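Structural description and commentary
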Amino acid sequence: MDPEEQELLNDYRYRNYSSVIEKALRNFESSSEWADLISSLGKLNKALQSNLRYSLLPRRLVISKRLAQCLHPALPSGVHLKALETYEIIFKIVGTKWLAKDLFLYSCGLFPLLAHAAMSVRPVLLGLYEKYFLPLQKLLLPSLQAFIIGLLPGLEEGSEIYDRTDALLLKLSLVVGREVFYAALWGSVLASPSIRLPASLFVVGHISRGSPGREQKYMLGTDYQLTVKSLCASLLDSNVLVQRNNLEIVLFFFPFYTCLDSSERAIPLLRSDMVRVLSAATQTLLRRDMSLNRRLYAWLLGSDIKGNTVVPESEISNSYEDQSSYFFEKYSKDLLVEGLAEILHQKFPDADVEERHHTYLKPFRILLSLLDKPEIGPQVVGNLFLEVIRAFYSYCRDALGSDLKLSYTQSGNSLISTIKENRNASEIVKTVNLLVTSLSTDFLWDYMARCFEDCFRPAKQSHAVGRSVGPPPTVSELCTLLVFLLDVIPLELYSEVQTQYLPQVLGCLVQPLAKEMEALSLPELTHALKTCFKVLSKVQMPPSYLDTEPASGSLSPVKGENSEVILDTNAVLPGDEGASFPPLKSEDSGIGLSASSPELSEHLRVPRVSPDKDDVWKKGGSMQRTFLCLQELIANFAHKNIFGAQLTASGEETKSAEPAGPREEAGMRGPAGSDSGRKNSWEAKPLGGPQLRQMLSDLFTVRGSPFKTKSLETPSPLPSSPGRKEEEEWAVDQVVIDPGSSREGCREAFAAACHLLLDCATFPVYLSQEETERLCDALFQLPGAGDASFPSWLKSMMTICCCVTDCYLQDVAISTLLEVINHSQSLALVIEDKMKRYKSSGHNPFFSKLQMVTVPPIAPGILKVIAEKTDFYQRVARVLWNQLNKETREHHITCVELFYRLHCLAPTANICEDIICHALLDPDKGTRLEALFRFSVIWHLTREIQGSRVTSHNRSFDRSLFVVLDSLACTDGAIGATAQGWLVRALSLGDVARILEPVLLLLLQPKTQRTSIHCLKQENSTEDWRHWFNRKRTSFRAAWGAAEPQEGGGEESAPLSQFTTVDREAIWAEVEKEPEVYPPGREPSEEDLPCCADPLDGTACDTADNSERTESADTSPTDSERTSSFSSPSREPQELSSGELCCTPLPAAAPPKPAASLKSTVRCSLARVDSDKTQASESPSSDEEAAAELQALSAARLLKQQRERRETVEALFKHILLYLQPYDSRRVLYAFSVLEAVLKTNPREFIEAVSRTSMDTSSTAHLNLISNLLARHQEALVGQSFYGKLQTQSPNVCPHSLLIELLTYLCLSFLRSYYPCYLKVSHRDVLGNRDVQVKSVEVLIRMMTQLVSVAKSAEGKNVEFIHSLLQRCSVQEFVLLSLSASMYTSQKRYGLAVAERGRAQREDGLFEENLINLGQGQIWSEHPLQIELLKLLQVLIVLEHHLGQVHEEAEHQADLSREWRQTLNFQQAISAPQYVQPHRLTSQGLLVSAVVRGLQPAYGYGMHPAWVSLVTHSLPYFGKSLGWTVTPFLVQICKNLDELVKQYESESVKLSFSITSKRENISPDYPLTLLEGLTTISHFCLLEQPNQNKKTTAVSDPTNLKNAKNAILEELPRIVNTMALLWNVLRKEETQKRPMDLLGTTKGSSSVYFKTTKTIRQKILDFLNPLTAHLGVQLTAAVAAVWSRKKVKRHSKTKMVPAASASQLTLVDLICALSTLQTDTVLHLVKEVVKRPPQVRGDEKSPLVDVPVLQFCYAFIQRLPATALQANFPSLLGVLKESVQLNLAPPGYFLLLSMLNDFVTRTPNLENKKDQKDLQEVTQKILEAVGNIAGSSLEQTSWLSRNLEVKAQPQISLEESDDEEDLHAGAAAAASAMVSASAPSVYSVQALSLLAEVLASLLDMVYRSDEKEKAVPLISRLLYYVFPYLRNHSAYNAPSFRAGAQLLSSLSGYAYTKRAWKKEVLELFLDPAFFQMDTSCVHWKSIIDHLLTHEKTMFKDLMSMQSSSLKLFSSFEQKAMLLKRQAFAVLSGELDQYHLYLPLIQEFCC
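Presented here is an overview of the structure given in this document. (Residues numbered from 1 in each chain as written. Predicted model: local features only at pLDDT ≥ 70, side-chain atom pairs only at ≥ 80, totals over all residues. Heavy atoms only, no water.)

The next thing to look at is the overall build of the protein chain. If you tally the helices and strands in the protein chain, you get 87 helices and eight strands. The proportion of buried residues among the 2046 residues of the protein chain is 54%. At a minimum sequence separation of 6, the contacts of the protein chain that also span at least 24 residues come to 79%. In the structure as shown, the protein chain presents an accessible area of about 89200 Å², 54% of it carried by carbon and sulfur atoms. (Helix = DSSP H or I, 4+ residues; strand = E, 2+ residues; numbered from the N terminus. Buried < 20%, exposed > 50% of the residue type's maximum accessible area, 1.4 Å probe, protein only. Contact = heavy atoms within 4.5 Å. Areas by Shrake-Rupley, 256 points an atom, 1.4 Å probe, with all protein chains shown as cover.)

As structure tokens, then:
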């Protein structure tokens, strides 16, 4: 606060005044409308005027704020006027002093008002200024600039206040001083853009045109820098008028001729200030405003606005046409260039992107505008162009940022696309392109070329491209800019850019690089070379030369207007002195550069790039010179930077490639000489020219194989050649060159140079005919002896390849050299071929025209020397191989590519392969492992290259691959594991096609071509067939005549030497060679065939000169057949129609005969067949009709048999393929062994790989040749030609889509292929083919085994794929047919053996048999193949099972219908003699019949283990055919075992079966094999499988198992019989072993089969023991069935039950040996069998086994000791109980009784009463049953009578029934008819006899003493049946009578029985017919004795009875009878027994 104001505040009046004003100010706060403001202002005015005594206003700040607010532009003019009124009141009150002090408070409201004040307000405001402000005078200075800014808006033209404002400003200037005023004015211009127009108007308006500018310099103010800034800002203003006024100011004050002259200039300015003003002024050109341009150009050209010259006359130079040009050149030009450069260099760090982008476009647009002014534009552009390009690059880099990436390769498209995506950058590029197209087409390129040349000149010599504005360009910068331009400038607009200008630019770039290399650092050199490559990539061939005539003279002369061009001869390129340079092209529009202007001509000097130079592409032109310079550059570079020696200019380049003009020595050497003293970076002794030549010639001499000597120390092997004198001089470390320290730069530069060289080498030149011929002569002549023939660059490159330690340099050099060599070879071939064609045709289409020729970079002659006279290739290969070590992994990719390229380019494939193979087979393990590592590196890194194999890459590392695959099975684990690791990795990466390709080529070699047998059968006759074979044979000449591949070493040597690399080219050439064709209508006659040998003799064919072949119409099948066979090659057997199969085969003579006798033989055989056929159809004569009918029937039968046999053989052999020539089986075997090794070590990975790799040749080139050969094999199969042009086929269609399918097909093809009989092959060939067949099956087995595990994974896709594989290849069918055919062969050989023994004549074979050469082996020759086939079948059966059920019928059928249909189909398949399609193997009749026949002796005993193995392993998979298959198989096993037993038992007898067994060595364990098979099969089918082997999840269908079980159970007796026979043999063997005397002389069997008795015994028990648990009943029944067959021939007459024979006892022995059968079990089983005797299949009348089983049981019981018998009483009782209740045949009851008797007699009495009771019961039942049988010959006397009498019929006594057969016949009869009392029985006598034998003693033991009475009723019942026999004394009843008497005799001995018979016996005794009996019936003596002695009174009673009878009967006969009876009674007693009764007797007799 002011002190004055502080004082005033003490005055209360002032305080009151202040409060009044405050109150007035508060009104403003409540104002809401503008009217309120006016009222508030009014109140304020009153308040202010309320006290006028105080000049210091209170609240000044608030008042000024409120007033300023009231002057707001938005308020109406009324408010403004009221506010101005308030201001005036204030100004009056405060006075001048306080106004000056507080001016800043009031001016902030007033100064801005004038700009937007209303018309009524302005005068009032100006009045205020004039009245109150001007008087302030100097006090205005602090706010002067603001005051001026406030006043200037009043200078509006046409305004009424204009003059008043102008006057006010002038007064103000006078008041404050003019300089001060104008300084403030310029400051305000800079600060406020809005007042620039009035300010510029004020200045322009007050300039006095009459007086010079320096007199009016006050108008420029005091601060000249400020003035310059303000001028620049105004010139850049957006208002045109502002710019125009300021241009006038500049034009007046700063003319160019005075502005920098200290004496003349208006104000002292620096040059930089003028440049700034000028750069701002030039930007007005962007306005395209004529008024602005006129003023600017007037300023630049030194004239006024109207065009009048302002420069004094005396200074005008006469040398210029007009003064303006002179003025511009002298004064303006440099400043303008600098000004434009400043615009180009502008920086905008803080500006936004859009603003910056807009500014970037300015300089280019300014230049475009300047080009419209010819006096200014072209000259400026010429001087400024480098800066323009720099700015262009800089702006783009700024716009794109990191996206700006320069590409030095051929494709710059990425940059273009990046620019297109960036709008700002694309705008810049478009603008610059517009600028460039405004210039002449060649200007840009010529400019850049000269800039580049200037970089190499010393500063003083440099012909700079105009005065340099910026820093001089470096080589790197120019390269960057040039590359950038090439990418962004559209080169296509003018064709000559790429065809003419760029080649010249390239020449200008390369030449200084070659000559002045020392001037550049290595990075610069690299950059320059990359740039050259970029230029080269944009160069294009000119199309125009093709039709032009060669130029007659030199180039066209310079055009007339070029007289002013100044030639700078120093800059002329060498060889171009004679050529003058046409000018830059002048555009018609005038925009381009005018070459006619002297300034431009002087500036341009000599153009480097000229549009009229037409020798660019001709000989010696720019392109050729560029290439030569490049070669020179490489040689120089190698010597300077790698060898460290300068190349002396000795002119070693080839003379043929010299440029046309003479070479200047100085020009060639250039500045190199001056730099020669410079110290080299390589410290070793520099090499001179002669020394280097010597070194190179020594290096590349032929040194033999690189493997003979190894250099241990040096990385590159350089074996020394002894005898060289220079050896001491050249140490190895000097020859092996180390490029030194600058390694990286050296590498990059060398790589860039090589890259450029390669691309240059591909460009052609246009030569005339003479030049072309001269070139050809020079190329193809061999170089002379001198070293000069090798170009220097080539020697340098070769040295770097072999002798430099830097891997990178070596790789680059090798890559380049290989590419150049490849290129040269190709070009040489093309040129040579072209010249040959022209010479042969005598017509050259290019005669008298230029023709395009690409010259080979290395002449063919030199290439030949390198290949033949040096070991260059071997050295390079060794270098590359050594680079593959683990230390230099970074080089591996490059190295491998080079190694492979070298392999393909080397003269032979062995160069690289030798190195690999020697390392892989090295004795040192470490070396081998390292070699495997390197091989895997090569393998993986050549994947892509080999995948897209082209002609130049047609080699593979086959030998090395085979060696590696061989090492899979290496005994050394590390090597094997490494190889396997490589294999697994390769397979996982999809390399299976690469691995298999050489293997497949071995398997598909042309010599293995075959034809199917049915193709031959389609011939009409054997003659035709013979001709066909002749024709075929001649076509093999090419293949057979070729020498076999050279094999190094013996057969046992490594595969490396045995199998050479597969030569794909040779195979292509061989198969595609078109055959020569006979003239039409002419077959090859026999004279055409070589010698007179067998026409089918392969060896003769080898020497044949004839190579014709024809195809006659009748030999080739129809098109449809060919097509079908091609599309599905594996199906050809099915395609035979039934007619073809059944047609009569044409028999051929069996043994091959000489050609002369062949026809006659054939005719004879044909005649014989015809007669055989016609015999049956001859009509019979009339008189012998019956005989003829018989004959016809037999003939028909014979014919039918022949036809059936023929059809069978045809079906067997229909699958066979025949080779057409011998092939090398060892190669095929090796291929298969490789496959086997892979499948053995890595089956899963391999199968996965081949399953997913298709034969699609479009995806991989490996398979092209494979698919071609495969297609040819298909053609040969159907009888077509293998060689020549392949029939057109759809692309990429291969009959086998997957590799696994192809492998399967090939294995099957080799399996099916045989040599034909008529092809003469050695025995070794036949054996080789047999080995191949076996090996092919082994491979198939491994493949199919792996497929099983794939199928187990049960993925639907897998299953479907395997199923289609098997179906497409018909695997099962061909395997089955091959097996059947092989078995047929074995059988034939067996038949021959038998025939030889029986001297039988061999019958003629059929066509098929005679055609196939099956070899002359023994029966077992076929066994190896059969064994493998059986293994394969075994795998296939499992595989089929896992593939699931084949859906033979549609799913929608009803279940029953489908099941019925399946059963029907199965029946058809199982009985069919050939393969039936969709059915499984196990359902095929072929397989079943093979299995059934497999064990027959005719097929050889050696096969039996294999057959047994097949059947046992396939059991779970047989399905429905299980029973069909295994039952006959088991029967055959039994037969074979029976035969062995027979052989054992009768070794002296020669059995028929032993023919083969004698010829074959049968293994001693043969019976064991059969027994094991028998056990496995039987147990599988018969026993239930509770846990059904986990691993074989094949659970057979219960129905199938049941059927099989039933079938085997039917054969169980057969099996048991065999076991019994074996058991018997074993017992014999053991008994022979035991009683061995000390000398071992005991005679034993010589058979070796039964020596291992323990083992065989155990096997038999192992077989039988498990059966007893589940099948005890069936087994027991089988034993019984066998028992019944082993009958005793005659048995003892006294025995009622026949005794067991020895063989039957063996059975008992066998059963007793079974550990699982305890006695009670056996008895239980017997009971079960008896209860339900199973029907046993046997003879037609199959008896029940109940009786035999009881016989067995009886024998079994007899063997048991008494204790065991007693212990098992319950079981025995069970048997007896159950059996007696059954309706047995009578012998059965006899056996029961015998068993009971045996038990009772041999065991003590039973303690247990219950047991005793049971025994009594069963005894009773059995006896009653036997009693019933005994009474079976009785009948009732009358109806309802209980009296019985004997039937009047003969009876069989025991004496008569000797033969058991009769008994059994009776048994059968008895079994069929019920035993009844009315029917006569053959068994009554036996029953009676048996009872007589056992009854009495049995009952005595069964009933204890206290129980005897219980037996009497039983005896009575039995005797009921006996007494009728005793009453009948007829002769026919004699046997029964005898038996009955015996029974009664035995019974009567026991007194307790007396009650049962006493009465009847007495009756019988008293019967008159008593004595009618034969004498043998002595039993009556004991009967009568017992009758009389059991009671003491009985004799007396008898006597009394006799006495009374005597009295009754008085006749003599009766008395005699009574006497006789009494005498017999006495006779019956013992001696003197009746002496007490003597008196009575005497009395009776008397």
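Still more to cover.
Moving on to the state of the cysteines. Per the stated rule, a full pass over the model turns up zero disulfides. For the unlinked cysteine cysteine 802, the closest cysteine sulfur is that of cysteine 803, found at 5.6 Å. (Disulfide = S-S within 2.5 Å.)

Quick look at a positive patch on the surface now. Taken together, the side chains of Lys23, Arg26, Lys43 and Lys46 present a region of like positive charge at the surface. Put simply, the parts of the chain that give the positive patch at least two residues each are helix 2 (12-29) and helix 3 (34-49). Tracing the chain through its elements places arginine 26 in helix 2. Arginine 26 sits in the partly exposed class, given a relative accessible area of 47%. (Patch = residues over 30% accessible without salt bridge, like charges linked within 9 Å, V, L, I, M, F, W, Y side chains within 5 Å. Salt bridge = Lys/Arg side-chain N within 4 Å of Asp/Glu carboxyl O. Lys, Arg positive; Asp, Glu negative; His and termini not counted. Charge placed at Lys NZ, Arg CZ, Asp CG, Glu CD.)

Let's shift gears to the environment of leucine 1773. Within the fold, leucine 1773 resides in helix 76 (residues 1769-1780). A relative accessible area of 6% means that leucine 1773 is categorised as buried. Remark: the alpha-carbon pair of leucine 1773 and leucine 1723, spanning 50 residues in sequence, is separated by 9.3 Å. Contact partners of leucine 1773, with chain neighbours within four places excluded, come to Asp1814, Leu1815 and Val1818.

Let us look at the pairing of strand 5 (residues 1313-1316). In the sheet, strand 4 (residues 1217-1219) pairs with strand 5 via two bridges, with the strands oriented parallel. Directly across from leucine 1217, in strand 5, lies its bridge partner serine 1313. (Pairing = 2+ DSSP bridges.)

Another point: the packing of helix 49 (residues 1064-1072) against helix 57 (residues 1263-1277). Interhelical geometry of helix 49 versus helix 57 gives an angle of 30 degrees and a closest axis separation of 11 Å. With respect to their mutual orientation, helix 49 and helix 57 come out roughly parallel. Two packed elements cross with a definite hand, and for helix 49 against helix 57 that hand is left-handed. Touching Arg1064, Ile1067, Trp1068, Val1071 and Glu1072 of helix 49 are Asn1264, Leu1265, Asn1268, Leu1269 and Arg1272, all from helix 57. In the contact of helix 49 with helix 57, the residues fall into five nonpolar, two polar and three charged. (Axes fitted to C-alpha atoms, helices over the stretch in contact; angles between N-to-C directions. Parallel < 35°, antiparallel > 145°, perpendicular 65-115°, else oblique. Left-handed = near helix turned anticlockwise from the far one by under 90°. Nonpolar A, V, L, I, M, F, W, Y, C, P; charged D, E, K, R; others polar.)

The next subject is the sheet that holds strand 4. On the basis of which strands lie adjacent, the open sheet formed by four strands has the order 3-4-5-6 and mixed pairing. Of all the strands in the sheet, just strand 3 (1010-1012) and strand 6 (1412-1413) have a single pairing partner and so form its edges. Note: strand 5 against strand 6, two bridges, orientation antiparallel. Bridged to proline 1316 within strand 6 is isoleucine 1412. Across the sheet, helix 59 (residues 1323-1352) lies against strand 4, strand 5 and strand 6, angled at about 165 degrees from strand 5, the strand it touches most.

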